[in-house]
Amino acid sequence: MILPFLMIKDKVKEKAVPEVVPEIEVDCPILIEVKGVKEKIPLETYVLGVVAAEMPITFHEEALKAQSIAARTYVLRETDYGSKSIDKTVQKQVYVGPEERKKRWGDSFKDYEDKLQRVVASTEGEIIVYQDQLITAMFFSTSNGQTESAENYSGYAIPYLVSVPSQKEEEYSKKVQQTFEFSHKEWADAFKIKWSNNIVGNVKIAHTDSNRVKTIEMNGKSWTGREVRTLLGLPSTDFEIAFQNDKVIVETTGYGHGVGMSQYGAEVLANDSKKAHDILLHYYTGTKIKSFSPCLKSP
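Predicted model only: the values in this text are computed from it and were never measured. (Residues numbered from 1 in each chain as written. Predicted model: local features only at pLDDT ≥ 70, side-chain atom pairs only at ≥ 80, totals over all residues. Heavy atoms only, no water.)

1. Quick notes on the sheet that holds strand E9 (residues 204-207)
On the basis of which strands lie adjacent, the open sheet formed by three strands has the order E9-E10-E11 and antiparallel pairing. Two strands bound the open sheet, and with one partner strand each, they are E9 and strand E11 (221-224). Strand-to-strand twist of the sheet, defined as the mean angle between neighbouring strand axes without regard to direction, takes the value 15°. Two strands pair when backbone bridges link them, and strand E10 (residues 213-218) and E11 are joined in this way by four bridges, in the antiparallel orientation. For Ile-216, the partnering residue across the bridge sits in E11 and is Trp-223. (Pairing = 2+ DSSP bridges. Helix = DSSP H or I, 4+ residues; strand = E, 2+ residues; numbered from the N terminus. Axes fitted to C-alpha atoms, helices over the stretch in contact; angles between N-to-C directions.)

Structural data, given as structure tokens:
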């Protein structure tokens, strides 16, 4: 995956009428309609394509299992158990079919495909619930040592999306620390302001409790950390700014929005002998892993 990272809408809201996980004994297929894909895709086949796109297949199997369960949970909630379509973009979940996997994996296709099939099959039907409701299973690439809460991210508090530790990811990811340079003109153009030396020393930055930028004030104007990330094309809202004579240096920590499961954090925990369920319960506070056998009629 591109390490995938934003899989969610800008605003995270719980639905007024939550979806209760059905307790149905009859085994009926759920078909997922993916925008841009001609035929509807069986749920478990869809999960295969999401895991292949969203997490490196070289990851530990327990991390891949955690991704499988998160991906299944997300699509079931997002599509209301297959009754609505879903995009195959990073704003939702990226999906790649078998032909694309062959191109990506080349000579390693058979080994990687066998691993993928084995991992997803071992989690078949497993979902994440909070008080018997499907959760919004947000996930992202790389943490800054602490995940972000949904409340800090979007202004909407969600009890299972709170800040939790996610450390040692620098041992596995090259994207934890990155540096970006901007000329004074590039900086001013990004914010649609006029550059002046008065900017230096007068920038005010407020942080969330996970050390991500909440707001930045400059030239009498204010932007959220998320807005700055978009304007400058940064990988994370955890950043530090240094003004030099002819340029602005921005150092970032982490990759992605920071809410929910950190994928490299899952890899750290898996290599520390944690099982998939333990990984998920760490990142989604107060949730449970449940198996289900839904019976929904295809349109």
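2. Details of the side chain of Lys-115
Considering the arrangement of structural elements, one finds Lys-115 in helix H4 (residues 109-122). Buried charge Lys-115 goes without a salt bridge, the closest partner of opposite sign being Glu-61 at 5.5 Å. Only 2.8 Å separates the side chain of Lys-115 from the backbone oxygen of Phe-59, close enough to count as a polar contact. Residues within four places of Lys-115 in sequence aside, it is in contact with Ile-57, Thr-58, Phe-59, Glu-61 and Leu-64. (Buried < 20%, exposed > 50% of the residue type's maximum accessible area, 1.4 Å probe, protein only. Lys, Arg positive; Asp, Glu negative; His and termini not counted. Salt bridge = Lys/Arg side-chain N within 4 Å of Asp/Glu carboxyl O. Polar contact = N/O pair within 3.5 Å; in protein donor to acceptor, adjacent residues only side chain to side chain. Contact = heavy atoms within 4.5 Å.)

3. What to know about the pattern of salt bridges
Enumeration according to the criterion identifies 12 salt bridges in this entry. A salt bridge links Glu-99 to Lys-102, with the shortest nitrogen-to-oxygen separation between them at 3.6 Å. Residue Glu-99 and its partner Lys-102 are both found in helix H3 (residues 98-105); the two are separated by three residues, about one turn of the helix. Lys-102 gets classed as partly exposed once you look at its relative accessible area, which sits at 39%. With a closest N to O distance of 3.1 Å, Asp-114 and Lys-110 form a salt bridge. Taken together, the residues Asp-114 and Lys-110, both in helix H4 and four residues apart, mark about one turn of the helix. Judged by its relative accessible area of 57%, Lys-110 falls in the exposed class.

4. Comments concerning the environment of Glu-44
With respect to the helices, strands and loops of the structure, Glu-44 is situated in helix H1 (residues 43-54). For the pair Glu-44 and Glu-124, spaced 80 residues apart in sequence, the C-alpha to C-alpha distance is 7.0 Å. Ignoring sequence-local partners within four residues, the contact set of Glu-44 consists of Arg-72, Val-120, Glu-124 and Gly-125.

5. A word on the packing of helix H2 (residues 61-79) against helix H8 (residues 263-271)
Two numbers describe how H2 lies on H8: the axes approach to 8 Å, and their chain directions differ by 135°. In terms of orientation, H2 and H8 fall into the oblique class. Here H2 and H8 pass one another in a crossing that is right-handed. Along its contact with H2, which presents Glu-62, Ala-63 and Gln-67, the element H8 presents Gln-263, Ala-266, Glu-267 and Ala-270. Counted by class, the contact of H2 with H8 contains three nonpolar, two polar and two charged residues. (Parallel < 35°, antiparallel > 145°, perpendicular 65-115°, else oblique. Left-handed = near helix turned anticlockwise from the far one by under 90°. Nonpolar A, V, L, I, M, F, W, Y, C, P; charged D, E, K, R; others polar.)

6. What to know about the packing of aromatic side chains
Applying the stated rule across the entire model yields 11 aromatic pairs. Both rings, one in Phe-59 and one in Tyr-264, keep their centres 5.0 Å apart while their planes meet at 75°; by these two values the pair is edge-to-face. Taken as a pair, Phe-59 in the loop between H1 and H2 and Tyr-264 in helix H8 lie far apart in primary sequence, 205 residues in all. Taking the relative accessible area as the measure of exposure, Phe-59 reaches 5% and is therefore buried. When the ring of Tyr-130 is compared with that of Tyr-160, the centres are 5.5 Å apart and the planes differ by 50°; the resulting orientation is tilted. Of this pair, Tyr-130 sits in strand E3 (residues 126-130) while Tyr-160 is found in the loop between helix H5 (150-154) and strand E7 (165-166), placing the two residues 30 residues apart along the sequence. (Phe/Tyr/Trp six-rings, centres within 6.5 Å; stacked < 30°, edge-to-face > 60°.)

7. A short note on the environment of Asn-271
Relative to the assigned elements, Asn-271 resides in helix H8. The spacing of Asn-271 and Glu-61 is 210 residues in sequence and 9.5 Å in space, taken between C-alpha atoms. Here the side chain of Asn-271 touches Glu-267 through a polar contact of 2.8 Å, landing on its backbone oxygen.

Read these as spatial facts, not as claims about activity.
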